[in-house]
Each structure stands twice: as C-alpha cells, then as structure tokens.
Amino acid sequence: MRPARSCESHASGGPPLTYVRLGERPLRRLPQLFAGLALYGLSLAVMVRAALGINPWSVLYEGLERHTSLSFGTLSGLVGALVLLLWIPLRQRPTFGTVANIVVLAFSADLGLWLLPADLGLPGRIALLVGGIPLNGLAVAVYVGARCGPGPRDGLMTGASALTGRSLRLVRTLIELTVLAVGWLLGGGVGVGTVVYALTVGTVTQFCLPLCAYRTPAERTTAPTG
C-alpha cells in the first residue's frame with residue numbers, strides 16, 4: 001500500500017500539498033494541523049446551528065443522528081473510520097493526519113454544538129452561516145497546508161481518482177452528490193446554505209492555501225521569487 005496523497009498538488013500552479021513525513025519540523029506543523037482540524041469541527045457546528053443547509057458530509061451525519069442516539073461528532077468519527085475501509089482496495093495508507101482528522105473533528109464538532117445555542121432567530125442563523133462558510137474554508141487551508149496527510153474523505157476521493165483515471169473534480173462531485181442524497185433521504189438539513197457552501201468554500205480555501213501551506217527547505221529554495 002502507498003501513503004495517501006494530498007487532495008491537490010502544486011502542478012496546477014498552487015502551493016505544494018503532497019505529504020511530508022511527520023518528523024520534518026513537527027513543532028511547526030502539528031500545531032497547525034490540530035488548529036485547522038479544531039477550526040473545521042467548530043465551523044461544522046456553526047453551520048449546523050445556522051440550520052440553513054450544510055455541506056454534504058454534514059447532511060449525512062445529521063441524517064444519521066436523527067435515526068440513532070449518537071452525537072453529530074461521534075457519527076462523523078464513525079463514518080470517517082468506515083470510509084477508511086474503502087481505502088483498502090484503493091491501496092491507500094492512513095497517516096497520522098488521517099487519524100487526527102477523525103478524532104479531532106469528532107470532539108471539536110460536538111464541543112461547538114454544545115457551546116452554540118440551538119434556538120437562534122433568523123438574523124442570528126444567517127450570521128452563523130455567513131461566518132461559518134469562510135471559517136470552514138480557512139480551516140481546510142490550515143489543516144491541509146500542514147501536509148500531514150489527507151482526511152479519510154479526501155483520501156477516498158484521491159484514491160478513487162487514481163484508480164479510475166477520472167478527474168479529481170468529477171470523482172469528488174459524484175461522491176458528494178451521493179453522500180448528499182443519502183443524508184437528505186435520512187432527514188439531514190439541505191438548504192440555501194448547502195448551495196452557498198458548494199459555490200464559495202473552494203474559493204476561500206484556494207485563497208488561503210498559499211498563506212498556510214508548509215514548504216520544505218528545498219521547496220523554499222526553488223520557489224519563484226516573483
């Protein structure tokens with residue numbers, strides 16, 4: 001099996017995002033990884049409390065939550081662990097960042113839901129949505145930029161793309177549409193926020209990634225100076 005690849009590469013002109021071994025500057029990268037994952041879990045909680053529509057995987061967690069006694073965060077962790085089973089035929093291998101993704105997201109999402117009130121009026125919910133989506137995009141840039149390995153969902157997308165030869169964009173779209181449909185059928189919240197998230201979060205992440213991506217000494221040496 002091979003180590004899981006990052007969800008993007010700088011071949012498209014962006015910053016380098018391939019996996020970097022954990023022993024390289026851990027005191028610089030691990031705090032960034034944990035901060036990004038904690039922010040990501042918090043941003044999920046913010047969007048859930050907005051109750052105006054959430055991202056596809058969160059729709060699935062919320063739908064499952066309606067049919068079990070488990071919390072949103074616990075279900076995110078369980079789904080993440082189950083997704084890792086799909087890595088086996090894709091010949092993907094988890095990294096430290098993969099495991100951290102499952103654990104930290106589960107705890108931070110539940111913590112955020114515990115801290116945020118669930119009975120806000122419409123103006124408050126709109127404010128949560130408007131703030132939650134940029135926070136989510138920033139969080140992705142922070143934890144992906146640490147280059148400690150992708151989360152289980154990102155690894156599923158990159159592995160399926162490599163196996164089938166299809167573009168990452170197409171594979172990601174098909175997976176997320178499937179997850180969204182299942183979550184909606186289970187009762188998860190789909191709304192205007194789901195559409196706004198799909199249209200904007202990638203732009204936020206792309207803008208933030210050059211500021212957050214860790215570069216190895218060799219990459220800093222060869223980087224264009226403009």
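Definitions and limits used
- Residues numbered from 1 in each chain as written.
- Predicted model: local features only at pLDDT ≥ 70, side-chain atom pairs only at ≥ 80, totals over all residues.
- Heavy atoms only, no water.
- Core = buried A, V, L, I, M, F, W, Y, C linked by side-chain atoms within 4.5 Å.
- Buried < 20%, exposed > 50% of the residue type's maximum accessible area, 1.4 Å probe, protein only.
- Helix = DSSP H or I, 4+ residues; strand = E, 2+ residues; numbered from the N terminus.
- Contact = heavy atoms within 4.5 Å.
- Phe/Tyr/Trp six-rings, centres within 6.5 Å; stacked < 30°, edge-to-face > 60°.
- Lys NZ or Arg CZ within 6 Å of the ring centre and 35° of its normal.

Help me understand the nonpolar core in this model?
One broad trend across soluble globular proteins is that nonpolar side chains are buried collectively. Of all hydrophobic cores here, the largest spans 53 residues; its most connected members are L33, L37, Y40, W57, F72, Y143 and I175. If you list the elements that add at least two residues to this core, you get α1 (26–50), α2 (56–65), α3 (72–87), α4 (96–115), α5 (122–145), α6 (152–164), α7 (168–185) and α8 (192–212). Residues within four places of F72 in sequence aside, it is in contact with L44, V48, S58, Y61, E62, E65, A109, D110 and L113.

Would you mind going over the environment of G151 with me for this structure?
Of note, G151 is situated in the loop between α5 and α6. A relative accessible area of 2% places G151 in the buried class. Leaving out residues up to four positions away in the same chain, G151 has contacts with W87, T98 and N101.

Mind showing me how you'd approach the environment of L39 here?
Among the secondary structure elements, L39 is positioned in helix α1. Each C-alpha atom, one on L39 and one on G165, is 33 Å from the other, the two residues being 126 residues apart in sequence. Excluding residues that lie within four positions of it along the chain, L39 makes contacts with L135 and A139.

Where do I start with the packing of aromatic side chains in this structure?
In this description, an aromatic ring pair is defined by two values, namely the gap between the centres and the angle between the planes. Across all of its chains, the model carries three aromatic pairs by this definition. Geometrically, the ring pair formed by F34 and F96 is edge-to-face, given 6.1 Å between the ring centres and 85° between the ring planes. Of this pair, F34 sits in helix α1 while F96 sits in helix α4, and the two are 62 residues apart along the sequence. Look at Y61 and F72: their rings are 5.5 Å apart centre to centre, the planes differ by 80°, and that puts the pair in the edge-to-face class. Taken as a pair, Y61 in helix α2 and F72 in helix α3 lie far apart in primary sequence, 11 residues in all. Here the two residues Y61 and F72 agree in accessibility, since each one is buried. Positioned above the aromatic ring of Y214, the side-chain terminus of R29 is 5.4 Å from the ring centre. We note R153 situated over the ring of W57; from NZ or CZ to the ring centre the distance is 5.7 Å.

Nothing here speaks to function; it is geometry throughout.
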